[in-house]
Amino acid sequence: MRYAETGYNLEIDLTRKNIEKVATDPRDTELYLGGLGTSAKVLWDRVTPEIKPFSEENLLIFSAGLLCGTPAVGCNRTIVSTISPQTELMAYSMMGGFFAPELKYAGYDKVIIRGKSKKLVYLWIHNDKVEIRDASHLKGKGTVETAELIKKEINDPKAHVAAIGLAGENKVYYASVEQGRSSASRGGIGAVMGDKGLKAIVVRGKKDINIARPGEYIELCDEVLNYIKFREENPIQGVPPILAGLGSPQEMKIHDEKWHTENFTWGNARERRKDFWTEEVAAKWSESMDKVQTRLLSCYNCPMQCGASINVPGISTYMMKCYSKLTYTMAAFSDLDFGFKIVQRATEYGVDGFTTPQVMAFALELYEAGILTDKDMPGMPSDSEGRFYWLLDKIVNREGIGDILANGTYWAAKKIGNGAQAYAHNNIKKHEQLPLKLGMLHPLYFVMYCTGEKMNITQIEGNFPQSPFATQEDKEAFVKDWFQVPDDKFKQYLLDWEMRGEKSIPNYPTPQMTSEIVDWQERMHYIDDSLGMCAGLSSFPLKPPYHMHNYPKFISAATGMDMDEDKLTQAARRNRTLIRAFNIRRGMSRKDEKPPEDHWRKRFPELEKELLDTYYAFRGWNEDGVPTKEYLHELDMDYVSQDLEQRGLLK
Amino acid sequence: MKKVKTIKVDIDKCNGCRACEMICSAFHATPKYSSNNPEKSKIRVLFDPIKDIYVPVYAGGYTEAECNGWDIYTIDGKEYDECAFCRASCPSRDLFTDPDSGLPLQCDMCLDDPPQDEPLCVKWCHADALTYEEREEEGEEAKKKPDEMEVGLQSLVKNHGAKKVMESLAKLKQEKD
Ligand code: SF4
Ligand code: SF4
Ligand code: SF4
């Protein structure tokens, strides 16, 4: 018997309409854990660099994490991976909700999709029965609408549906996959799903998930639950409310948006409004929230309630999570009433809540600058809100200028020319970033922005505070019960870190310390993404319930494998390195590893070079950012170095 | 005096996390917590997110007859069909039927030796949608509830007759030996 995992993948060939249930190799679990790790291995083995995002051979993998479906609190992530049409590198995006546990209960760890269907279809997985069904009647339907229609059609209200909307069908490069209160949004995964002619995957399962050492396991779960309760009663002191608690950023509970609205930029990642949050705004925004929120919602087996159902009079109900509440509002210089309304349409269309508003704000800047003209924008309304709706419709339908904008700011700017490139200023590796523009270079964030394979800072940063505490007392109070640190030296780094002077950014933490801290944060993310754990209870917040010390115990008790901190660290580094090698093989190199030029006002070329050099060396990579032969050998990945050598990428 | 155990359900507080389903099925696995499967849980959350309907319902055991008709209740402007609140494992739906054995499920208040402080579903419901109450009442201590196997066998006997069930059991045993 396999424990925690089911030991089976579903292989679906949409061209041949072939369905196969394939047993997996338990040794892969030991090496790569599961979820993102084992998916990356499949992609490495089967998706060679010649394969384009929209090739038949490109794979689209929906994977549950290793511990999804077990009693581990908050372990419910579906990791979706493929080649991104936008970056042409690996895209992986995690969605919460209910899909992954349901897939496990149906008896599968992954659904691996290849080929393309000529007609629009959906996949219906119920235990051993798997069907490819006609979806032509769902063409053009919204994601929420599609889920409702399918559940009626199969007569199973307990099924979970991951669907694309019109954006995915039309291969918008930032189309998402939506699933109830969650979505896999980054990297244009929905476009690949649309290209494959797959409207939705529907899953319902009624089988057991087994635990190897149940007594031990449930005790660990109880500890996590208790710690969550403890943290609810004891928020972290000395940080803004958004950083004080656990969970995904508590956007549905927190009414005080001073931090986001004044620190993040508005419009096309341009303007900081440092005095925005007045009492008047606070009152109005609170009212907007209370008016439309009907209920706070959690993902499977998690008490944190990070999502909410949103009910704006006159438009249909949808579920919101996290930060999309503000992205449209701020890109359009508007207010929350507008934000809540437009997200409903964006959710039905299925588009990424970070990239989409930025693309629209970018288009409006080009229009103000005269690079796009009335000829490009026929019939566009004159008010900001109206323009956002107009642009959204054009993009999703790939109509007129929308067809160009649908490829994201990088590709659109290239196509538009005429100086447009300067307006696509907030990208890393062709991918739109959080709208943040800051003063002084931050060494940790510099390294994470440059080198993160996820190309999305919220999926890289985490357990180490973003900035030093103001007073020695605050620092000491913070490190006192900071048992999550993998090594006590991190406490000292924090204690010594100052707001000003010698031991402040950009020179402190030093490049060596920076490498160590980034390594810790990355490790946590790669473990989460392999286990299927929500980052909101682990790699993302300060002092999380899951950490390097209890994770090995969780994995051992659940799977029966013999895991310890060193082995787990190796596995995380293996996964990190495999994805790096995959991207290197697809042409990524050191020259791509840079933050948006205007991310920090104060830059330090020499220090930046030293930071990258140090991190690369620490990581076991050469100065081009390619994993070395020795390091790959240490990680049992000689097959990777052989491949890279053959391709002349490693000497 | 007898002890009355009650679980109060506040559907306004339910966030739809289904931790209650998960933990009930894990607690009742043999050995305890060795597996979990919400389909085997004795509490199910009936949900319809778009209508904002979340109803945790406890399994009340087997009933032979299905209803002749269903009523619709409107509460707070939301329409619930009567089935939404019904605890029965009945022939008209697959709710509260063990997917492996086909036997009906019934909540046993986490009967355990030594007794748990509170039922497991209550313990794992951090939203306080489920709360537990114990009070003393005049009257005899209720006689011990039949265990799961007995409940299941009773329903088989009702459906197929005692003789048929005995024969089948004997046959199974022979095959096993
Ligand atoms: S912490 Fe929030 S986002 Fe994460 S699993 Fe729980 S409810 Fe979902
Ligand atoms: S554990 Fe509580 S909040 Fe979660 S689904 Fe069950 S009743 Fe609702
Ligand atoms: S009281 Fe115990 S048996 Fe009944 S539903 Fe809750 S967990 Fe299950």
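How each quantity is defined
- Residues numbered from 1 in each chain as written.
- Chains lettered and ligands numbered in written order.
- Predicted model: local features only at pLDDT ≥ 70, side-chain atom pairs only at ≥ 80, totals over all residues.
- Heavy atoms only, no water.
- Contact = heavy atoms within 4.5 Å.
- Buried area = accessible area lost by both parts, 1.4 Å probe.
- Salt bridge = Lys/Arg side-chain N within 4 Å of Asp/Glu carboxyl O.
- Polar contact = N/O pair within 3.5 Å; in protein donor to acceptor, adjacent residues only side chain to side chain.
- Helix = DSSP H or I, 4+ residues; strand = E, 2+ residues; numbered from the N terminus.
- Nonpolar A, V, L, I, M, F, W, Y, C, P; charged D, E, K, R; others polar.
- Pairing = 2+ DSSP bridges.
- Axes fitted to C-alpha atoms, helices over the stretch in contact; angles between N-to-C directions.
- Domains from an automatic or database assignment.
- Expected span 1.5 Å × (residues − 1).
- Buried < 20%, exposed > 50% of the residue type's maximum accessible area, 1.4 Å probe, protein only.
- Near = heavy atom within 4 Å.

A short note on the interface of chain B and chain A
Reasoning step 1: Tallying the contact residues gives 39 residues for chain B and 40 residues for chain A.
Reasoning step 2: Of all residues in chain B, Ile50, Trp124 and His126 of chain B bury the most surface against chain A, accounting for 22% of the area lost on that side.
Reasoning step 3: For the interface between chain B and chain A, the tally reads seven salt bridges.
Reasoning step 4: Along the contact surface separating chain B from chain A lie 19 residue pairs in polar contact (both at pLDDT 80 or more).
Reasoning step 5: For the side of chain B that touches chain A, the elements supplying multiple residues, two or more each, are helix 1 (19–27), strand 2 (35–36), strand 3 (43–48) and helix 2 (120–124) of chain B.
Reasoning step 6: By residue number, the principal contributor to the side of chain B that touches chain A is strand 3 of chain B, which donates five residues.
Reasoning step 7: Split into classes, the residues belonging to the side of chain B that touches chain A amount to 18 nonpolar, seven polar and 14 charged.
Reasoning step 8: When strand 13 (residues 209–210) of chain A meets strand 2 of chain B, the two strands line up antiparallel, connected through two bridges. Looking at the pairing, asparagine 210 of chain A lines up with serine 35 of chain B of strand 2 of chain B.

Brief notes about the sheet that holds strand 1 (residues 8–13) of chain A
Two strands in a sheet stick together by hydrogen bonds in their backbones, pointing the same way (parallel) or opposite ways (antiparallel).
All names here are of chain A.
Reasoning step 1: Sheet architecture is open: six strands sit in the order 2-1-6-3-4-5, paired in mixed fashion. Where the open sheet ends on each side, the last strands, each with one partner, are strand 2 (18–23) and strand 5 (90–95). Pairs of neighbouring strands in the sheet enclose a mean axial angle of 15 degrees, with direction left out of account.
Reasoning step 2: Relative to strand 6 (residues 110–114), strand 3 (residues 60–64) runs antiparallel, the two being bridged by four bridges. Bridge pairing in strand 6 links phenylalanine 62 to valine 111.
Reasoning step 3: Sheet strands in contact with helix 3 (residues 99–106) are strand 3, strand 4 (78–83), strand 5 and strand 6, and its direction is about 85 degrees off that of strand 3.

Side note on the domain arrangement of chain B
Reasoning step 1: Along its sequence, chain B is organised into domain 1 (2–144) and domain 2 (146–177).
Reasoning step 2: Placing a centre on the C-alpha atoms of domain 1 of chain B and another on those of domain 2 of chain B gives a separation of 26 Å.

Focus on the side chain of histidine 442 of chain A
Reasoning step 1: Its place among the elements puts histidine 442 of chain A in the loop between strand 19 (438–440) and helix 17 (443–451).
Reasoning step 2: For histidine 442 of chain A, the contacting residues outside a window of four places in its chain are Gln466, Trp497, Ile505 and Trp600 of chain A.

Some words on helix 22 (residues 565–585) of chain A
Residue and element names in this part refer to chain A.
Reasoning step 1: Look at helix 22: 30 Å from first C-alpha to last across 21 residues, which is about the 30 Å you get at 1.5 Å a residue.
Reasoning step 2: Counting buried positions along helix 22 yields 16 of 21 residues, so the element is predominantly enclosed.
Reasoning step 3: For helix 22, the capping residue at the N-terminal end is aspartate 564, with a side-chain oxygen 3.2 Å from the backbone nitrogen of aspartate 566.
Reasoning step 4: Phi turns positive one or two residues past the end of helix 22, at glycine 587, with a value near 105 degrees.

A few points about the site of ligand 1
Reasoning step 1: Looking at ligand 1, the residues that line it are Asn76, Arg77, Gly247, Ser248, Ser298, Cys299, Cys302, Met304, Gln305, Cys306 and Cys534 of chain A.
Reasoning step 2: Of the residues assigned to the shell around ligand 1, the class counts are five nonpolar, five polar and one charged.

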